[in-house]
Amino acid sequence: MTEDDLDDLEFDTLRTGDHASAARRFVELAETVSGGVSRASLLLRAGEQWQHAGDHAKAAETFRNALADGGDTYGDPRIYLAGALFELDDRDEARRLIEQVRSESPRDPEIYRAVAELLYEQGELVEAHDWSTAGADLARADDPDSLEGLLRIRYRSRLDLRRPEDEYDALLDQLLKKTDEAPDTQFR
């Protein structure tokens, strides 16, 4: 089983809408995985499918299993678990997980983006703004691909907080202008 095979399974699920079946399939695959894709990564995908299916308790359980496994994943399972816990109204544990991530001073801007988006969804605007700002500062140095997403969530948070425009907004404007000015070579 390759990452492409798993992506295909997720794509098919988007078409059918049967997220619970996809979650069960990912769990089955996690029990039999050997080489290629980690068990933890499969469990993370399963948890996401449980979330999409609206079964946040199963999602939380599956994210806990991914975390306990400790294998390589495409994201930090604690952030996904925090999302499920917010849905289950266990805000204290969700916040503890987020604080645990923060205390490790992650070097991946995508972690900051994921946390900022999660906090924004929960109406935690000040924290979303703080996380997206810290992530943007990190991405400015060495991850331009993540920078735009971080600046977008920061912009939304700033607007909702009714804070004045600042240099990060100017940076987002510059990035968007560059995107608009780039020649469209996709169909050439």
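Check the entry above for the structure.
Before going into details, it helps to say that this report is about the structure given with it. (Residues numbered from 1 in each chain as written. Predicted model: local features only at pLDDT ≥ 70, side-chain atom pairs only at ≥ 80, totals over all residues. Heavy atoms only, no water.)

### Brief notes about helix α2 (residues 19-32)
Quick reminder of the rule: Helix and strand assignments come from DSSP, with helices taken as H or I runs of at least 4 residues and strands as E runs of at least 2, each series counted from the N terminus. Expected span of a helix: the number of residues minus one, times 1.5 Å. Buried means the residue's accessible area, taken with a 1.4 Å probe over protein chains only, is under 20% of the maximum for its type, while exposed means over 50%, and partly exposed covers the values in between. Here a residue-residue contact requires only that any non-hydrogen atoms of the pair lie within 4.5 Å.
Across its 14 residues, α2 extends 20 Å between first and last C-alpha, which sits within 8% of the 20 Å expected from 1.5 Å per residue. What α2 keeps buried is the set H19, A20, A22, A23, F26, L29 and A30. Check the buried side of α2 and you find it contacts α1 (3-16) and α3 (39-53).

### Side note on the packing of helix α7 (residues 109-121) against helix α8 (residues 125-142)
Using the following cut-off: The axes used here are C-alpha line fits, helices contributing only the stretch in contact, and every angle between their N-to-C directions lies in the interval 0 to 180 degrees. Roughly parallel means an angle under 35 degrees; roughly antiparallel, over 145; roughly perpendicular, 65 to 115; everything else is oblique. A clockwise turn of the near helix away from the far one marks a right-handed crossing, whereas an anticlockwise turn of less than a right angle marks a left-handed crossing. Amino acids outside the nonpolar list (Ala, Val, Leu, Ile, Met, Phe, Trp, Tyr, Cys, Pro) and the charged list (Asp, Glu, Lys, Arg) are all regarded as polar, and Gly is one of them.
Their axes nearest at 8 Å, the elements α7 and α8 cross at an angle of 165 degrees. When the interaxial angle is binned, α7 and α8 end up roughly antiparallel. When you trace α7 past α8, the crossing you get is left-handed. Contacts from P109, Y112, V115, A116, L119 and Y120 of α7 reach α8 at L125, E127, A128, W131, S132, A134, G135, L138 and A139. Class assignment of the residues belonging to the contact of α7 with α8 gives a composition of 12 nonpolar, two polar and one charged.

### Focus: the packing of α1 against α3
Viewed as axis vectors pointing N to C, α1 and α3 meet at an angle of 5 degrees, and their least axial separation amounts to 12 Å. In terms of orientation, α1 lies roughly parallel with respect to α3. When α1 is examined against α3, the residues E3, L6, D7, E10 and T13 are found in contact with a partner set consisting of S41, L42, R45, E48 and Q49. Taken together, the residues of the contact of α1 with α3 sort by class into two nonpolar, three polar and five charged.

### Some details on the packing of aromatic side chains
Aromatic ring pairs: the centre-centre distance and the angle between the two ring planes describe each pair. Heads up, the condition is: A pair of aromatic rings is counted whenever rings of Phe, Tyr or Trp (Trp by its six-membered ring) have centres within 6.5 Å, and the orientation is called stacked for planes under 30 degrees apart, edge-to-face for over 60 and tilted otherwise.
All chains considered together, the criterion is met by three aromatic pairs. Consider the rings of F63 and Y80, whose centres lie 5.7 Å apart with planes at 40 degrees: the pair is tilted. One end of the pair, F63, is in helix α4 (residues 56-69); the other, Y80, is in helix α5 (residues 77-87), and 17 residues separate them in sequence. Counting every residue linked through ring pairs, the aromatic cluster contains F63, Y74 and Y80.

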